[in-house]
Amino acid sequence: MNATKFFAAAAVFVAAGSAFAADTPVAAAAVANAAAAANSSIAVVAMNVPSVTIGHDRARADVKAEAVEAVRSYKPTLAKQLELANN
């Protein structure tokens, strides 16, 4: 975090604190202005955030059937350990 972003974030917190303390429309306007200044000072273009896309290729019924089968074939941990120990 560089100094510009830090001062912008600090200004938003100070303005937000004064808005809650004063609880007036003037303070609310100050918070809005500080937030706008902070948003404009942050270079969103420079952020390299990977995008994640989740495909919905399975139907709801398929997922439910898989869950039901998992519950039916569930074995407690102790039963699994005893089965492995007997083999």
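Residues numbered from 1 in each chain as written. Predicted model: local features only at pLDDT ≥ 70, side-chain atom pairs only at ≥ 80, totals over all residues. Heavy atoms only, no water.

On a plain count of helices and strands, the chain comes out with four helices and zero strands. Relative to its 87 residues, the chain shows a buried fraction of 8%. Total accessible area computed for the chain in this model is approximately 7,600 Å², and 64% of it derives from carbon and sulfur atoms. (Helix = DSSP H or I, 4+ residues; strand = E, 2+ residues; numbered from the N terminus. Buried < 20%, exposed > 50% of the residue type's maximum accessible area, 1.4 Å probe, protein only. Areas by Shrake-Rupley, 256 points an atom, 1.4 Å probe, with all protein chains shown as cover.)

Another aspect to go through is the pattern of salt bridges. Taken as a whole, this structure holds two salt bridges when the rule is applied. The salt bridge involving Arg 58 is made with Glu 66; its shortest N-O contact spans 2.7 Å. Using a relative accessible area of 46% as the deciding quantity, one classes Glu 66 as partly exposed. Taking the shortest distance from any N to any O, the salt bridge between Lys 75 and Glu 83 comes out at 2.4 Å. The class of Glu 83 is partly exposed, set by a relative accessible area of 38%. (Salt bridge = Lys/Arg side-chain N within 4 Å of Asp/Glu carboxyl O.)

Glancing now at the confidence of the model for the chain. With 60% of its residues at a pLDDT of at least 70, the chain reaches an overall mean of 74. The secondary-structure element of the chain with the lowest mean pLDDT is helix α2 (residues 25–41), recorded at 62, while helix α3 (residues 60–72) shows the highest, at 93. (pLDDT = per-residue confidence, 0-100.)

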